[in-house]
Amino acid sequence: MRHFPAFLELSGRIALVLGSGEVAERKAEPLRRAGAAIRHAALFAPELLDGIALAIGADAPEAELRALSTAAQARGIPVNIVDRPELCSFIMPAIVDRDPVTIAIATGGAAPVLARMLRQRVEAVLPPGLGRLAALAHRFKDAVRRALPDLAARRRFLDRVLAGPVADLAHAGRMREAEAAFGRALAGSDATPPGMVHLVGAGPGAADLLTLRALRLLGEADVIVHDRLVPEAVLDMARRDAERIFVGKARANHCLPQEEINALLVRLARQGRRVVRLKGGDPFVFGRGGEEAAALAEAGIAHEVVPGITAALACAADAGIPLTHRDASRAVTFVTGHTREGRLDLDFAALARTGHTLAVYMGLTTLPALEEGLVAAGLDPSTPAAIIERGGTPGMRSLCGTLGSIVAEAPAWSSGGPALVLVGEVVAMGRTPHAFSAACAT
């Protein structure tokens with residue numbers, strides 16, 4: 001270890017920043033956030049070192065930077081000359097700030113860009129609410145010491161509490177519930193503390209379209225309850241020892257009825273487990289996440305919803321079709337093509353209006369009925385339309401044309417993958433050489 005890492009108390013103290021450019025100002029900002037008063041100077045003078053805690057040099061002439069380095073080190077004042085490790089007595093690290101949690105990353109001046117890259121990776125896996133959890137632990141610090149004077153017992157307790165439902169609640173910003181859960185755990189109840197359920201959107205299928213929160217939760221979950229639309233590449237992001245429970249559904253073929261899925265989530269949470277209910281797309285867009293959230297709330301189970309990229313967004317992006325365009329559409333309507341009692345339960349009069357985009361989920365098998373209803377309500381069958389199959393994945397393919405033409409061609413064209421139907425003038429707006437036409441050539 002070439003440099004010893006340390007954290008300085010700068011609140012109310014003075015930091016000297018020598019230089020007057022963009023880099024100097026950028027280096028001054030984290031010092032301000034740490035509570036330091038900034039003393040700016042364009043040129044060095046020995047008296048500038050009086051009463052300061054540290055000094056930074058950047059955007060100043062070479063002679064001035066060398067004078068600052070020599071004088072500061074002679075007086076035992078920490079000094080950093082940006083990008084000049086031979087003139088430094090300390091390194092300015094890349095910082096991950098989750099106040100009061102602070103993580104500093106440095107490469108000893110050898111590769112600052114690498115330090116920034118590592119910071120970005122750390123940022124991606126650490127929850128934004130980590131500081132809230134640290135603050136919660138601080139509030140209970142004295143109470144924990146009184147209740148658990150034995151150091152080993154105290155460590156075991158904190159290991160359990162700071163990685164369980166209390167942490168989940170704090171990360172979700174539900175601090176009142178987190179504090180109550182912490183207090184109950186400290187009281188030493190013999191009952192198994194309830195777990196927490198996260199209703200997580202897995203997006204359209206590509207693993208790199210997961211949100212950072214979804215990725216973190218997959219790495220922390222004890223059990224993953226997932227649908228058939230969640231691919232192995234996404235499931236592989238989970239903890240290796242996490243239990244997987246498949247509850248997939250296909251049209252008219254449910255592996256597990258919704259009521260039993262609801263009961264399963266409640267049962268798993270009551271066992272004290274951290275549950276991720278993983279759904280393709282977004283949990284609240286035709287994903288029945290609302291029903292599951294209501295069942296969990298009724299059972300008193302803590303839960304949160306983590307949105308995912310829904311099919312309409314992924315399919316439109318892949319096909320180069322803007323869902324809205326100021327010259328063609330100022331609204332988007334999401335509808336399901338599933339039938340209710342053998343018929344499409346849709347307000348065709350409202351859906352047939354011009355100037356908006358219609359996105360139909362799970363609509364391939366009822367596409368003829370959709371066309372019939374829209375045309376009967378006044379929509380021109382020559383309205384631009386497209387079918388995008390497996391949108392958001394490497395296997396995406398599109399069929400483009402008019403509402404009438406895609407209805408005629410869909411049976412022979414479809415390969416049976418999940419598909420979305422888009423109807424509206426925006427479909428034609430998306431026909432560009434670099435996006436739409438290329439996508440629709442498959």
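By the naming in an unreviewed UniProt entry, the protein goes by Uroporphyrinogen-III C-methyltransferase and is assigned to Neoroseomonas eburnea. Here is the UniProt Sequence similarities (unreviewed entry) comment for the protein, exactly as written: "Belongs to the precorrin methyltransferase family." Under Catalytic activity (unreviewed entry), UniProt gives the following word-for-word description of the protein: "precorrin-2 + NAD(+) = sirohydrochlorin + NADH + 2 H(+)".

Asks: What should I look at first to understand the overall build of the protein in this one?
Replies: What the protein contains, in helices and strands, is 18 helices and 20 strands. When its C-alpha atoms are laid out on the principal axes, the protein stretches across 85 × 60 × 35 Å. In the protein, which comprises 442 residues, the share counted as buried stands at 44%. Put simply, of all contacts in the protein between residues at least 6 apart along the chain, 63% involve residues at least 24 apart. Approximately 22100 Å² of the protein is accessible, and the part contributed by carbon and sulfur atoms is 55%. The protein carries 49 positive and 47 negative side-chain charges, and their two centres are separated by 5 Å.

Asks: Looking at this structure, I do not really get the sheet that holds strand 2 (residues 37–41). What am I missing?
Replies: In a beta sheet, neighbouring strands are held together by backbone hydrogen bonds and run either parallel or antiparallel to one another. The four strands are arranged 2-1-3-4 in an open sheet whose pairing can be described as parallel. Sheet topology places strand 2 and strand 4 (79–81) at the edges, where each strand pairs with a single neighbour. Neighbour-to-neighbour, the strand axes of this sheet turn through a mean angle of 20°, independent of strand direction. Judged from the three bridges that link them, strand 3 (residues 52–57) and strand 4 form a sheet pairing that is parallel. The residue of strand 4 that forms the bridge with Gly 57 is Ile 81. This element, helix 1 (residues 22–33), spans strand 1 (14–18), strand 2 and strand 3 of the sheet and lies at about 160° to strand 2.

Asks: Help me understand the sheet that holds strand 7 (residues 196–201) in this model?
Replies: Taken in spatial order, the five strands line up as 9-8-12-7-13 in an open sheet, and their pairing is parallel. Of all the strands in the sheet, the pair left with one neighbour each is strand 9 (243–246) and strand 13 (302–306). Taking the axes of each pair of neighbouring strands and ignoring which way they run, one obtains an average angle of 20° across the sheet. Both strand 8 (residues 223–226) and strand 9 contribute to a ladder of four bridges, which runs parallel. Bridging across to strand 9, Val 223 finds its partner in Glu 243. Sitting on the sheet, helix 9 (residues 212–220) touches strand 7, strand 8, strand 12 (274–279) and strand 13, and the angle it makes with strand 13 is about 140°. Where helix 11 (residues 258–270) meets the sheet, it contacts strand 7, strand 8, strand 9 and strand 12, and its direction lies at approximately 155° from that of strand 12.

Asks: It is not clear to me how the UniProt feature "active site" (unreviewed entry) in the protein should be interpreted in this structure. Could you clarify?
Replies: The sites that UniProt annotates as "active site" (unreviewed entry) are Asp 227 and Lys 249. Inspection of the secondary structure assignment puts Asp 227 in the loop between strand 8 and helix 10 (232–235). In this structure Asp 227 comes out as buried when scored by relative accessible area, which is 14%. Apart from the residues lying within four places of it in its own chain, the contact partners of Asp 227 are Phe 246, Val 247, Gly 248, Arg 277, Leu 278 and Lys 279.

Asks: Quick question: what am I supposed to make of the packing of aromatic side chains here?
Replies: Using the criterion set out here, one finds four aromatic pairs in the structure. Aromatic pair Phe 157 and Phe 182: ring centres 5.9 Å apart, planes at 75°, arrangement edge-to-face. In this pair, Phe 157 is assigned in helix 6 (residues 151–161) and Phe 182 in helix 8 (residues 175–186), connecting sequence segments 25 residues apart. Here Phe 157 matches Phe 182 in class, with each residue buried. Linked through ring pairs, Phe 140, Phe 157 and Phe 182 together constitute an aromatic cluster. Residue placement shows Arg 397 over the ring face of Trp 413; its charged tip is 4.2 Å from the ring centre.

Asks: Hey, could you run me through the UniProt feature "domain: Sirohaem synthase dimerisation" (unreviewed entry) in the protein in this one?
Replies: Feature annotation in UniProt assigns "domain: Sirohaem synthase dimerisation" (unreviewed entry) to the following positions: residues 129–186. As annotated, residues 129–186 comprises 81% helix and 0% strand, and the C-alpha atoms at either end are separated by 22 Å.

What counts and how
Residues numbered from 1 in each chain as written. Predicted model: local features only at pLDDT ≥ 70, side-chain atom pairs only at ≥ 80, totals over all residues. Heavy atoms only, no water. UniProt positions renumbered as here; feature names shortened; annotations may be inferred. Helix = DSSP H or I, 4+ residues; strand = E, 2+ residues; numbered from the N terminus. Buried < 20%, exposed > 50% of the residue type's maximum accessible area, 1.4 Å probe, protein only. Contact = heavy atoms within 4.5 Å. Areas by Shrake-Rupley, 256 points an atom, 1.4 Å probe, with all protein chains shown as cover. Lys, Arg positive; Asp, Glu negative; His and termini not counted. Charge placed at Lys NZ, Arg CZ, Asp CG, Glu CD. Pairing = 2+ DSSP bridges. Axes fitted to C-alpha atoms, helices over the stretch in contact; angles between N-to-C directions. Phe/Tyr/Trp six-rings, centres within 6.5 Å; stacked < 30°, edge-to-face > 60°. Lys NZ or Arg CZ within 6 Å of the ring centre and 35° of its normal.

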